[in-house]
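Summary of structural features
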Amino acid sequence: MTHNRQSDAEDSQDPRQGPRHWQDVNPAALFADFKSALSALTRLRAPEAEEMPPRAQRAYPFAGALIGLLGGIGFLLASGIGLPALVSGAIAVGLMVTATGALSERTFVKAIDRLASQSKGPRLVGGEAAPTGMIALVLILIAKVSLIAGLGEIGGAGLALTVLIAASAAGYTGPVSALHFAYNVDEDAPDRPTETVVLQALIFCALIAFLTLYVWTALAGLLGAFIGVILSGILAVRRGKAFLHDSLAIVGETTQIAFLAASYMVLTG
């Protein structure tokens, strides 16, 4: 009788926290986590989906890649009928926002506004707080559209599609690692991902990047995403400890922009 270490590990693990070792990957469990991640991050809702367990965060890169694929296909089709690159980029971003119900964007605006209120940000004539979050979101969207359009002009719509897949995967992986390493999250917090979940998410994100992009482009994008997570984690998560989960949206948006920007720079360098 053979002994299957992987099966034992999956059977003995906490079903909500996930596998105990990064090499333990049960395809059926991972697919279930992917469905849970889609239900949490997009408008897609599986009929049998329940409350998302913390382990499902390891599947965020795959859910992010699917969202990026949708935007990339939009860019590809728009470019194919002769629309300008900027218009095609706007369509790509619009499709991604529609797929997620603008969940990340709405949370991003709320987090920026709360950070601005902490620092007693600018006020309008009547004393009302300036719409800092909305201004920041507009700038973020302009940056995304411009970078996607630039990638399309450099290497065609196919390149824009593949970079967008990898960048979106990274954008949804960044908050997972930030939530785990945030100093103000208790070890036993119910939604805090374990080290194994974070490590698997990072591995899946890297695999997506290297399977869709050339090695140097993938390395540059991942390095940019890493820097984005570090900087946004320091600036947003530490200052936004009172509203940690909202501030994670800042990490996600920054990570995606950083991946796109780093890929663009290495391709034009």
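Every value quoted in this text rests on a predicted model; they were computed, and no experiment measured them.

Calculation rules
- Residues numbered from 1 in each chain as written.
- Predicted model: local features only at pLDDT ≥ 70, side-chain atom pairs only at ≥ 80, totals over all residues.
- Heavy atoms only, no water.
- Helix = DSSP H or I, 4+ residues; strand = E, 2+ residues; numbered from the N terminus.
- Buried < 20%, exposed > 50% of the residue type's maximum accessible area, 1.4 Å probe, protein only.
- Polar contact = N/O pair within 3.5 Å; in protein donor to acceptor, adjacent residues only side chain to side chain.
- Patch = residues over 30% accessible without salt bridge, like charges linked within 9 Å, V, L, I, M, F, W, Y side chains within 5 Å.
- Areas by Shrake-Rupley, 256 points an atom, 1.4 Å probe, with all protein chains shown as cover.
- Salt bridge = Lys/Arg side-chain N within 4 Å of Asp/Glu carboxyl O.
- Expected span 1.5 Å × (residues − 1).
- Contact = heavy atoms within 4.5 Å.
- Core = buried A, V, L, I, M, F, W, Y, C linked by side-chain atoms within 4.5 Å.
- pLDDT = per-residue confidence, 0-100.

**Examining the side chain of D33**
Within the element layout of this structure, D33 appears in helix α2 (residues 27-41). Judged by its relative accessible area of 0%, D33 is buried. Within the local environment of D33, its side chain forms a polar contact with the side chain of R58, the two groups lying 2.8 Å apart.

**A word on a nonpolar patch on the surface**
Nonpolar side chains collect at one region of the surface, where L223, F226, I227, I230, L231, I234 and L235 lie side by side and expose about 690 Å² of accessible area between them. In this structure, F226 sits in helix α9 (residues 215-237).

**Some thoughts on α2**
The end-to-end C-alpha separation of α2 is 21 Å, in line with the 21 Å expected for 15 residues at 1.5 Å each. Regarding α2, the residues found buried are A29, L30, D33, F34, S36, A37, L38, S39 and L41. Those residues of α2 hidden inside the fold are in contact with α3 (60-80), α4 (85-100), α7 (157-181) and α8 (195-212).

**With respect to the nonpolar core**
Counting 37 residues, the largest nonpolar core has I148, V163, F259 and L260 as its most contacted members. The set of elements that each furnish at least two residues to this core consists of α2, α3, α4, α6 (132-155), α7, α8, α9 and α10 (244-268). With residues up to four places along the chain from it excluded, the contact list for L260 reads K144, L147, I148, L151, V163, L164 and A167. Ranked by size, the runner-up nonpolar core spans 13 residues in total, among them L115, L137, A236 and F243.

**Considerations on α8**
Over its 18 residues, α8 runs 26 Å from end to end, which matches the ideal 26 Å to within 8%, given 1.5 Å per residue. Listed in full, the buried residues belonging to α8 are T196, V197, V198, Q200, A201, F204, C205, I208 and A209. In the core, the buried residues of α8 are packed alongside α2, α3, α7, α9 and α10.

**Points about the pattern of salt bridges**
One pass over the structure, following the stated rule, counts five salt bridges. In this structure, R55 and D33 form a salt bridge, with 2.6 Å as the shortest nitrogen-oxygen distance. In this pair, R55 sits in the loop between α2 and α3 while D33 sits in helix α2, placing the two residues 22 residues apart along the sequence. Summarising the burial analysis for this pair, R55 and D33 share the class buried. Through salt bridges that share partners, D33, R55 and R58 make up one connected network.

**Examining the confidence of the model for the protein chain**
When pLDDT is averaged along the protein chain, the result is 84, and 80% of the positions lie at 70 or above. Confidence over residues 1-13 falls short of pLDDT 50; this stretch has 16 contacts with residues more than four positions distant or in other chains.

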